[in-house]
Amino acid sequence: MACTRFRWSNPCHLLAVGLGSGFCPKMPGTVGTLAALPLWWLLSNSPVLLYGAVLIVAALLGIVICGRTAADLGGGDPSVIVWDEFVGLWITLWAVPTRQWQWVVIGFILFRVLDISKPWPIRWIDRSVHGGLGIMLDDILAGGLAALILQRCGGYWSFC
């Protein structure tokens, strides 16, 4: 990857790399997901419709910024791009049964496992859809699946 084409002054690049978290030399996706937590915490008290609107804007913005940044860095899905992890985690935690830390940890783990393992149809999307949409779509699906699992678990377990 030609990181010399990355520009800190470019807002698309800065957001796409998760404000720099994507440059972690080991596990940039996991570090990027961790970096999304403080922003989620600020968003988590929002009314459900506002949270949903923010998710839609963040996902649509992500298609553009991730696509442009990937093209500037030579194409594909560079590991430094982690905005997709931000949005995927926010989708997962939109459905968190409570803001108790245990549910946040479970949501984080579920999202990372699904994002890394890419079960069908996530793997198919990852391999078949390219550009900014492809970068974002597999994480959106992983976040949605993790949210469904998290909600089902919330009906059975309580950490009170």
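These numbers were taken from a predicted model, which means no experiment stands behind them. (Residues numbered from 1 in each chain as written. Predicted model: local features only at pLDDT ≥ 70, side-chain atom pairs only at ≥ 80, totals over all residues. Heavy atoms only, no water.)

Overview of the packing of helix H3 (residues 48-72) against helix H4 (residues 83-94)
Then, in step 1: One way to put it is that H3 packs onto H4 with a least axis distance of 9 Å and a crossing angle of 160 degrees. Looking at the two axes, H3 sits roughly antiparallel to H4. For the pair H3 and H4, the sense of crossing is left-handed. Along its contact with H3, which presents Val48, Tyr51, Gly52, Leu55, Ala58, Ala59, Gly62, Ile65 and Cys66, the element H4 presents Trp83, Asp84, Val87, Trp90, Ile91, Leu93 and Trp94.
Then, in step 2: Here the contact of H3 with H4 is built from residues that sort into 13 nonpolar, two polar and one charged. (Axes fitted to C-alpha atoms, helices over the stretch in contact; angles between N-to-C directions. Helix = DSSP H or I, 4+ residues; strand = E, 2+ residues; numbered from the N terminus. Parallel < 35°, antiparallel > 145°, perpendicular 65-115°, else oblique. Left-handed = near helix turned anticlockwise from the far one by under 90°. Contact = heavy atoms within 4.5 Å. Nonpolar A, V, L, I, M, F, W, Y, C, P; charged D, E, K, R; others polar.)

What to know about the environment of Ile106
Then, in step 1: Assignment of secondary structure puts Ile106 in helix H5 (residues 101-117).
Then, in step 2: Here the alpha-carbon distance between Ile106 and Ala146, two residues 40 residues apart in the chain, equals 9.4 Å.

Quick word on helix H7 (residues 131-154)
Then, in step 1: Its 24 residues give H7 an end-to-end C-alpha distance of 35 Å, which sits within 8% of 34 Å, the value for a rise of 1.5 Å per residue.
Then, in step 2: All of the buried residues along H7 are Gly132, Gly134, Ile135, Met136, Asp138, Asp139, Ala142, Gly143, Ala146, Ala147, Leu150 and Cys153.
Then, in step 3: Turning to H7, the residues buried within the fold contact H3, H4, H5 and helix H6 (122-128). (Expected span 1.5 Å × (residues − 1). Buried < 20%, exposed > 50% of the residue type's maximum accessible area, 1.4 Å probe, protein only.)

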